[in-house]
Amino acid sequence: MRRGLPYALLAALLVLTGLLGVLTGPAGIGLGASLEALGGAGGDPVARAIVLELRLPRVIGAALVGGCLAVSGAVFQALLRNPLAEPYLLGVSAGAALGAVGAIVSGVAALGAPALPLAALAGGLLAIGVVFSVARVAGRFDTRVLILAGVVVSAFFGACITLVLTLAPAERLRSAFFWTLGSLSGISWPMVAVLAAYGLPACLAAWALGRNLDALALGEEAAAAVGTDVERVKRSAYLLASLLAAATVSVAGVIGFVGLVVPHAVRLLAGSGHRRLLPLAFLAGAVFLLVVDTAARSVAGPVEIPVGVVTAFLGVPFFLVLLRRRSAP
Amino acid sequence: MSFVLEAVTARYPGASEPALREVSLRVPEGRHTAVLGPNGAGKSTLLRVLLGLVRPESGRVLLDGCPTGSMRRREMARRAALVAAGEEFAFPLTVRELVALGRTPHVAAWAGLDGRDRAVVEAALRDLDLEGLADRSVARLSAGEMQRVRLARALAQETSILLLDEPTAHLDLAHEVEIFERVSQLTKAQSLTVVNVTHNMNLASRYADRVLLLSAGRLTAEGTPSEVLDGARIERTFGCPVRVERRGDLGVVVLPLSRGSE
């Protein structure tokens, strides 16, 4: 029962923050009207459309993005055996951002709703492909080479983004720039469906690697000695974590911090075993990004604060308090 | 169950000299075999070749008559466990979680531990007197406790072979003796086959049944401790003068002398 408690608490929080997210917004739709719209029966058709077509997909999308980012970060930290690892370290975000910025600046993004996420996904996949093939030498996958390759590819794509932005026409510069800050405002039902169909199985697959990720924390040789197929686990972990990161970036842009800090917070509270850490990190990441997004779109009235700013404003103090409390004797 | 090496030569990628040269030996079943030799003699490489972590350049390794080259990692990990001295922890697990990793080769990757797995883990914790530490983070253990935890993990693997790579490095005298005693008790109680790479000749001679001596990648002597631990041979192999005394109850006692004294 005690071991189940964190899951129950986080699940309850997820439902509560989800409801709060659906009820919050500039349109001033009352509690009754919102619940009526959620219930699906009658009511004001405008309120109904706002709740069901704008707020609900955004809330579910935020939860999925937060959950996937937290799982991706936890897997990267285990793979690289480095607590500073995060989903964007290895170039996925830079590749995706280049795809998206390129699509916005060239006008491809204006062709239709799926064009932007597809361009971002393509950029992310390109970065994954380059980094993966560089780090794979003679069938072995060297995580030190992986970090270096990732950081260098990241820097290269970053330079490409700067170049594209420099050459961009002024009216497109602003929307391209805001995309790189990350936002959940563009999430629609089809994106939620794609993210769920793709992110949830990837998270489950990561969870299935859980014990092997624990073993990897001991070092590659010790992991092999307890029967882990180290090369296969490293490969799967890299691909799963990168694909999760690419998927979230393609629908929501680059939202920092969730993938770095949520896994650490969960580790401090619930321990490092990955079979427990990964599901808890998913739930905690979902709750965290939901709270952050709801705050981002409500605190400053009609202006939406970039969600990445709020993740840092809410996340840093929380994490520092946790760190201090836990490291005290 | 036991290992046989047939003319094994092994080389690390990029190394000019092989780490093992034409080594042939048979690891006796149900016995404690100590592997002695100077630094760089190939002792650790021998363990890695046995476990299949280093592939021989030539020659064969057999486990119960089957070549290990084609064996999967899980299969190997159900037969032989490794206790090394220096793993680091990227993220601190609890003692129980670390010992439970010994069950890795016995359960499907996605499955949880069942009742029997948990019972094996608890028994391993009990065997090494770790029950009181079970929920502690491994980051907060002393070196001696940590080594008991590694032994417990190896026991939880339920293998009949235990490979130890300098299991008492960094341990003080009392903890070193404790590890040797526990290994020898376990060897007898569970009739394990033990291959123990160590630098402590005195404890090796007291607790081991057999001794292998490696030098520059070659197997230079093999036999009971009193056969192998001969003053002239040790001096030749290690480049250090020694006095060897034979004490019935303590086995062979090797005293290093200063280099200029004889």
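All values reported here derive from a predicted model rather than from experimental measurement.

Another aspect to go through is the overall build of chain A. When helices and strands are counted, chain A shows 14 helices and two strands. Computed over C-alpha atoms, the radius of gyration of chain A comes to 20 Å, within 12% of the 20 Å expected from 2.2 N^0.38 for 329 residues, which places it in the range of a compact globule. In terms of overall dimensions, chain A has C-alpha extents of about 65 × 55 × 35 Å along its principal axes. Across the 329 residues that make up chain A, the buried fraction comes to 50%. For chain A, restricting intrachain contacts to residue pairs at least 6 apart in sequence, the fraction spanning at least 24 positions comes to 75%.

Another aspect to go through is the overall build of chain B. A tally of helices and strands in chain B yields nine helices and twelve strands. Compactness check: chain B gives a C-alpha radius of gyration of 19 Å against a globular reference of 18 Å for 262 residues, within 12% of the reference. Viewed in the frame of its principal axes, chain B has a C-alpha envelope of about 60 × 40 × 35 Å. With 262 residues in all, chain B has 45% of them scored as buried.

This part takes up the sheet that holds strand E3 (residues 32–36) of chain B. Residue and element names in this part refer to chain B. Read across the sheet, six strands follow the order E6-E7-E8-E3-E9-E10 without closing on themselves; strand pairing throughout is mixed. The open sheet has two edge strands, strand E6 (80–83) and strand E10 (218–223), and neither has a second partner. Each adjacent strand pair in this sheet contributes to an overall mean axis angle of 15 degrees, direction not counted. Where strand E9 (residues 210–215) and E10 come together, five bridges link them in antiparallel fashion. Directly across from Ser215, in E10, lies its bridge partner Arg218. The sheet strands contacting helix H6 (residues 173–189) are E3, strand E7 (161–165) and strand E8 (193–197), and the helix crosses E8 at an angle near 160 degrees.

Moving on, we get to the sheet that holds strand E4 (residues 58–63) of chain B. Residues and elements named next belong to chain B. Sheet architecture is open: four strands sit in the order E2-E1-E4-E5, paired in antiparallel fashion. The outermost strands of the open sheet, each flanked by one partner alone, are strand E2 (20–26) and strand E5 (66–67). Note: strand E1 (residues 3–10) against E4, five bridges, orientation antiparallel. For Val4, the partnering residue across the bridge sits in E4 and is Leu62. Of the strands in this sheet, E1, E2 and E4 are in contact with helix H1 (residues 43–51), which crosses E1 at around 115 degrees.

Each partner contributes to the interface: chain A provides 22 residues, whereas chain B provides 24 residues. When the residues that make up the side of chain A that touches chain B are grouped by side-chain class, the tally is nine nonpolar, seven polar and six charged.

Residue and element names in this part refer to chain B. Phi is positive for Glu22, which is not a glycine, with a value near 50 degrees. With respect to the helices, strands and loops of the structure, Glu22 is situated in strand E2. Residue Glu22 is classed as partly exposed on the basis of its C-beta count, with 15 C-beta atoms lying within 10 Å. At Ser191, a position not held by glycine, the phi torsion is positive, near 35 degrees. If you trace the backbone, Ser191 turns up in the loop between H6 and E8. The class for Ser191 is exposed, based on 11 C-beta atoms found within 10 Å.

What follows concerns the confidence of the model for chain B. A low pLDDT means the predicted coordinates there should not be read in detail. Per-residue pLDDT for chain B averages 91, and the proportion of residues at 70 or more is 98%. Reported confidence for the predicted complex is 0.89 by ipTM and 0.90 by pTM.

Here we take up the environment of B:Ala134. Residues and elements named next belong to chain B. Within the secondary structure, Ala134 sits in the loop between helix H4 (115–127) and helix H5 (143–156). A count of 17 C-beta atoms within 10 Å places Ala134 in the partly exposed class. Sequence-wise, Ala134 and Val149 are 15 residues apart; in three dimensions their C-alpha atoms are separated by 9.3 Å. If sequence neighbours within four positions are ignored, Ala134 has contacts with Val95, Arg96 and Leu125.

Before going further, it helps to examine the nonpolar core. It is characteristic of soluble globular proteins that their nonpolar side chains tend to be buried jointly. Membership of the largest hydrophobic core comes to 188 residues, with the highest contact counts inside it found for A:Val71, A:Val75, A:Ala281, A:Ala284 and B:Leu163. For this core, the element with the highest residue contribution is helix H3 (residues 45–80) of chain A, accounting for 17 residues. Once residues within four sequence positions are removed from consideration, B:Leu163 is found in contact with B:Leu47, B:Leu50, B:Leu51, B:Ala80, B:Ala81, B:Leu82 and B:Val195.

Cut-off values and rules
Residues numbered from 1 in each chain as written. Chains lettered and ligands numbered in written order. Predicted model: local features only at pLDDT ≥ 70, side-chain atom pairs only at ≥ 80, totals over all residues. Helix = DSSP H or I, 4+ residues; strand = E, 2+ residues; numbered from the N terminus. Rg over C-alpha atoms; globule rule 2.2 N^0.38 Å. Buried ≥ 20, exposed ≤ 12 C-beta atoms within 10 Å, placed from the backbone. Contact = placed C-beta atoms within 7 Å. Pairing = 2+ DSSP bridges. Axes fitted to C-alpha atoms, helices over the stretch in contact; angles between N-to-C directions. Nonpolar A, V, L, I, M, F, W, Y, C, P; charged D, E, K, R; others polar. pLDDT = per-residue confidence, 0-100. Core = buried A, V, L, I, M, F, W, Y, C linked by C-beta atoms within 7 Å.

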